[in-house]
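# Fold and geometry: a report
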Amino acid sequence: MSTREDVLAALRRAGTTGLSGEALAHALGISRVAVGKHVSALRTAGYQIDAEPGVGYRLRAVPDGPLPAEIAPLLREASWMELTGGGPTGSTNDDARALAVAGAREGTVALASHQTAGRGRLGRAWDSPEGGAYFSVVLRPPLAPADLAPLALVIGLGVAKGLSAHLGVETAVKWPNDVRLNDGKLAGVLLEMTAESDRVEWVVAGVGLNVRRPMGGIPTRDAAWLDDALPGIGIAVAVAAALDGIAEAYAEWLSSGFGPMRAAYEARSSLIGQAVAVRTVAGDVRTAGTVMGIDDEGRLLVVTLGGIEAVAAGEVTLREDAGLAG
Ligand code: BTN
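All values reported here derive from a predicted model rather than from experimental measurement.

Rules used in this analysis
Residues numbered from 1 in each chain as written. Predicted model: local features only at pLDDT ≥ 70, side-chain atom pairs only at ≥ 80, totals over all residues. Heavy atoms only, no water. Near = heavy atom within 4 Å. Polar contact = N/O pair within 3.5 Å; in protein donor to acceptor, adjacent residues only side chain to side chain. Areas by Shrake-Rupley, 256 points an atom, 1.4 Å probe, with all protein chains shown as cover. Helix = DSSP H or I, 4+ residues; strand = E, 2+ residues; numbered from the N terminus. Nonpolar A, V, L, I, M, F, W, Y, C, P; charged D, E, K, R; others polar. Salt bridge = Lys/Arg side-chain N within 4 Å of Asp/Glu carboxyl O. Buried < 20%, exposed > 50% of the residue type's maximum accessible area, 1.4 Å probe, protein only. Patch = residues over 30% accessible without salt bridge, like charges linked within 9 Å, V, L, I, M, F, W, Y side chains within 5 Å. Pairing = 2+ DSSP bridges. Axes fitted to C-alpha atoms, helices over the stretch in contact; angles between N-to-C directions. Contact = heavy atoms within 4.5 Å. Core = buried A, V, L, I, M, F, W, Y, C linked by side-chain atoms within 4.5 Å.

### Considerations on the site of the ligand
Not every one of the 21 residues close to the ligand is listed here, only the nearest: S91, Q115, R119, R121 and K185. Between the ligand and T92 there is a distance of 3.2 Å, counted from a nitrogen atom to a side-chain nitrogen or oxygen. Within the side chain of Q115, an N or O atom sits 3.0 Å from a nitrogen atom of the ligand. Contact with the protein chains hides 98% of the accessible area of the ligand, taken as 410 Å² for the molecule alone. Listing elements by their share of the shell around the ligand, those giving two or more residues are α5 (92–101), β7 (132–139), β10 (184–195) and β11 (200–210). Per-class residue counts for the shell around the ligand are six nonpolar, eleven polar and four charged.

In structure tokens, the structure reads:
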């Protein structure tokens, strides 16, 4: 824990009783001036801390955001995680990439309250207003690049399982990288990596999670917000649940591969039994048929007129147009 987090933890413990600057300084072995600076930085980060003569500092309210100091105490898989950021940024995938290049260990997480240059799959922008959670985890799987194919599914499944296990909200997964709530997209996963021919150096797994509907924002088609299922859910609570789910799913994948996780993925899949079209980045339909499952490599199995096709990549849409029947 940083000294700032120690100051916050001490204020939390003191509760409504409050704590004098002198007592804080003494307990943490720092000067009163240093205490004042930490308190002022915490206020800037959105913590409401009153200072009253005769009482000292009192923590009145904590900000609702993806702040490391709020998430860390909630994590069950805490030893795996090192949390950074939490304010506005360009893209947490860029932040995590910079940390990975500088040698950050596996489990380092870059967090943001909003992004000005959020990226989605297929070169799209990812709208990242306040009220959402944006985070990217540095992974260093001891694998060859070819073995990474199911990783986006593993991360998506991890988010879904984490929300279910820790918050009791049931979500679906949509191949390859979406988490869905009711009829809308709740979260998306973006993987970026660097590898040599036979060894992955690092992977950044970025997750954008819609928590609260943006105030006065333009209604987004096909989106869902966690707050609709869990009114008042704290952003830090949501992120902790998702991170714990990711840590558990990633550990399971590393130890046993995707095969044993397949049934859990299929059970949550919104696509099984659905008539779909799979499109290329350019938008051309490359496969059309009915989804029957996922294979051990994480490919989508589609029953077409020509037989079963295992699709490794693409954008899936439900086939409203019967003319595409495959
Ligand atoms: C998708 O297209 O569905 C994937 C969206 C991934 C968005 C997340 S938000 C955190 C991280 N930083 C980014 O710039 N993108 C990912």
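Read on, since the account is not over.
### Things to note about the pattern of salt bridges
One side chain can pair with another of opposite charge once the charged atoms of both are near each other. For the structure on display, the rule yields 22 salt bridges. E196 is the partner of R199 in a salt bridge, and the nearest nitrogen-oxygen pair spans 3.7 Å. Judged by relative accessible area, E196 falls into the partly exposed class, the value being 42%. When the shortest N-O distance is used, the salt bridge between R213 and D228 registers 2.8 Å. Placement of R213 in the loop between β11 and α7 (226–229) and of D228 in helix α7 is noted, with a sequence separation of 15 residues between them. In this structure, a network of salt bridges that share partners links the residues D50, E52, R58 and R60.

### Considerations on a nonpolar patch on the surface
Side chains of M292, V303 and I308 sit close together on the surface and give an oily, nonpolar patch of about 270 Å² of accessible area. As for its position among the elements, I308 is in strand β15 (residues 307–311).

### Considerations on the sheet that holds strand β3 (residues 82–85)
Spatially, seven strands are ordered β3-β5-β7-β11-β10-β9-β8 in an open sheet, and the strand pairing comes out mixed. Of all the strands in the sheet, just β3 and β8 (172–174) have a single pairing partner and so form its edges. On average, each strand axis in the sheet is inclined to that of its neighbour by 20 degrees, with strand direction left out of account. Along the sheet face, helix α6 (residues 151–167) touches β7, β8, β9 (178–181), β10 and β11 and points at about 140 degrees away from the line of β10. Across the sheet, helix α8 (residues 235–256) lies against β3, β5 (108–112), β7 and β11, angled at about 30 degrees from β7, the strand it touches most.

### Describing the nonpolar core
Soluble, globular proteins show a tendency: their nonpolar side chains are buried together. Judged by nonpolar contacts, the single largest core of 63 residues is most densely connected at I71, F135, L139, L151, W175, L243 and L300. Core analysis: the next-biggest nonpolar cluster, separate from the first, contains 15 residues, L11, L24, V39 and A69 among them.

### Details of the sheet that holds strand β13 (residues 285–294)
Hydrogen bonds between backbone atoms are what pair the strands of a sheet, whose relative direction is either parallel or antiparallel. Taken in spatial order, the five strands of this open sheet run β15-β14-β13-β12-β16, and their pairing is antiparallel. In the strand order of this sheet, the two ends are held by β15 and β16 (315–318), each with one partner. Across this sheet, the average inter-strand angle for adjacent strands is 45 degrees, counted without regard to direction. Sheet analysis places strand β14 (residues 300–304) next to β15, joined by five bridges and oriented antiparallel. Across the sheet, the residue bridging to V303 is I308, located in β15.

In short, geometric facts, not functional conclusions.
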